[in-house]
Amino acid sequence: MKASISFSEIQDYVLTRFNKPLSINYANDSSVVVDVPFTVFGFTKSIGITVSVLKIEGDDVYLSYSGPMGVDLLVPPAISFVKKFAPDKADFVTTLPDKVVKISLGAIPQAQAALKYVELKAISFLQDKVEAEVALR
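Conventions and cut-offs
- Residues numbered from 1 in each chain as written.
- Predicted model: local features only at pLDDT ≥ 70, side-chain atom pairs only at ≥ 80, totals over all residues.
- Heavy atoms only, no water.
- Patch = residues over 30% accessible without salt bridge, like charges linked within 9 Å, V, L, I, M, F, W, Y side chains within 5 Å.
- Areas by Shrake-Rupley, 256 points an atom, 1.4 Å probe, with all protein chains shown as cover.
- Salt bridge = Lys/Arg side-chain N within 4 Å of Asp/Glu carboxyl O.
- Helix = DSSP H or I, 4+ residues; strand = E, 2+ residues; numbered from the N terminus.
- Buried < 20%, exposed > 50% of the residue type's maximum accessible area, 1.4 Å probe, protein only.
- Polar contact = N/O pair within 3.5 Å; in protein donor to acceptor, adjacent residues only side chain to side chain.
- Pairing = 2+ DSSP bridges.
- Axes fitted to C-alpha atoms, helices over the stretch in contact; angles between N-to-C directions.
- Contact = heavy atoms within 4.5 Å.
- Core = buried A, V, L, I, M, F, W, Y, C linked by side-chain atoms within 4.5 Å.
- Expected span 1.5 Å × (residues − 1).

Colleague: What exactly am I supposed to notice about a nonpolar patch on the surface here?
Modeller: On the surface, a nonpolar cluster with roughly 490 Å² of combined accessible area is contributed by Phe38, Val40, Phe41 and Phe43. Position of Val40 among the secondary structure elements: in strand S3 (residues 31-40). Its relative accessible area of 37% is what places Val40 among the partly exposed residues.

Colleague: What's the story with the side chain of Ser52 in this structure? I'm lost.
Modeller: Mapped onto the fold, Ser52 is located in strand S4 (residues 43-57). Only 2.5 Å separates the side chain of Ser52 from the side chain of Ser31, close enough to count as a polar contact.

Colleague: It is not clear to me how the pairing of strand S5 (residues 60-66) should be interpreted in this structure. Could you clarify?
Modeller: Moving residue by residue along a regular strand, the side chains alternate between the two faces of the sheet. The element S5 is extensively covered by neighbouring structure, given that six of its seven residues are classed as buried. Bridge count between S4 and S5: seven bridges; the pairing is antiparallel. Among the inter-strand pairings, Val51 is bridged to a residue of S5, identified as Tyr65. Counted along the chain from S4 to the antiparallel partner S5, the turn is two residues long, and its residue Gly58 has a positive phi close to 60°. Across five bridges, S5 lies against strand S7 (residues 100-104) in antiparallel orientation. In the sheet register, Leu63 faces S7, and the bridge partner there is Val101.

Colleague: Would you take a moment to explain the sheet that holds S4 for this structure?
Modeller: Sheets are built from strands paired through backbone hydrogen bonds, the pairs being either parallel or antiparallel. Strand order in the open sheet formed by six strands is S2-S3-S4-S5-S7-S6, and the pairing between neighbours is antiparallel. A strand with exactly one partner marks an edge of an open sheet, and here the two such strands are strand S2 (23-28) and strand S6 (93-96). Between one strand and the next, the sheet's axes are offset by a mean angle of 30°, whatever the strand orientation. Strands S2 and S3 of the sheet are contacted by helix H1 (residues 7-18), whose axis makes an angle of about 145° with S2.

Colleague: Would you take a moment to explain the sheet that holds strand S8 (residues 118-125) for this structure?
Modeller: Overall, antiparallel pairing links the three strands, which are arranged S1-S9-S8 in an open sheet. Each of the sheet's edge strands pairs with one partner strand only, and the pair in question is strand S1 (2-6) and S8. Pairwise comparison of adjacent strand axes, ignoring direction, gives a mean angle of 25° for this sheet. With seven bridges connecting them, S8 and strand S9 (residues 129-136) associate as antiparallel partners. Of the residues in S9, the one forming a bridge with Val118 is Leu136.

Colleague: Mind showing me how you'd approach the nonpolar core here?
Modeller: For soluble globular proteins, nonpolar side chains are generally found buried alongside one another. Ranked by size, the top nonpolar core spans 26 residues in total, and within it Ile103 and Leu105 carry the most contacts. Taken together, the elements giving at least two residues each to this core come down to S3, S4, S5, helix H2 (71-85), S7, helix H4 (109-115), S8 and S9. In contact with Ile103, other than residues within four places in its own chain, are Asp59, Asp60, Val61, Leu63, Phe92 and Ile108.

Colleague: Sorry, what's going on with unusual backbone geometry here?
Modeller: As a rule of thumb, non-glycine residues mostly have phi less than zero, and peptide bonds are mostly trans rather than cis. Positive phi, close to 60°, is recorded for Asp98, a residue that is not glycine. If you check the backbone angles, Lys99 has positive phi at about 60° while not being a glycine. Mapped onto the fold, Lys99 is located in the loop between S6 and S7.

Colleague: What is the right way to look at H1 in this model?
Modeller: In a regular helix each residue adds 1.5 Å, so twelve residues correspond to 16 Å; H1 covers 16 Å between its end C-alpha atoms and thus fits that length. Once H1 ends, the next one or two residues include Asn19, with phi positive near 55°.

Here is the structure:
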């Protein structure tokens, strides 16, 4: 069975929930480029971070990230910051070596109910959406 969500729905959700604008663009079947604006000394600049699905093990999704020089110095501290000040919103994310992030879907209350009945098999990207392939347990 397949389920999908459009990039625009994700962008709207992030803007509404976290008050952070971002743009998601297709790169290939396993990667997207997430453009995140940031402001330094009154100047706004956008950084494109390529996020790729590496593997799925049980209820854990492993993602890699890459981008311009310095991205590897921004992502782990940003995750740590969110975990410190909003642990309920990021306790399911773990940073690993080599620019890898593990997302433990089983630790997300909203996903726990669904994971009782389905198992995530694959995540792929299309031109304008994310598609998840799941199997009944």
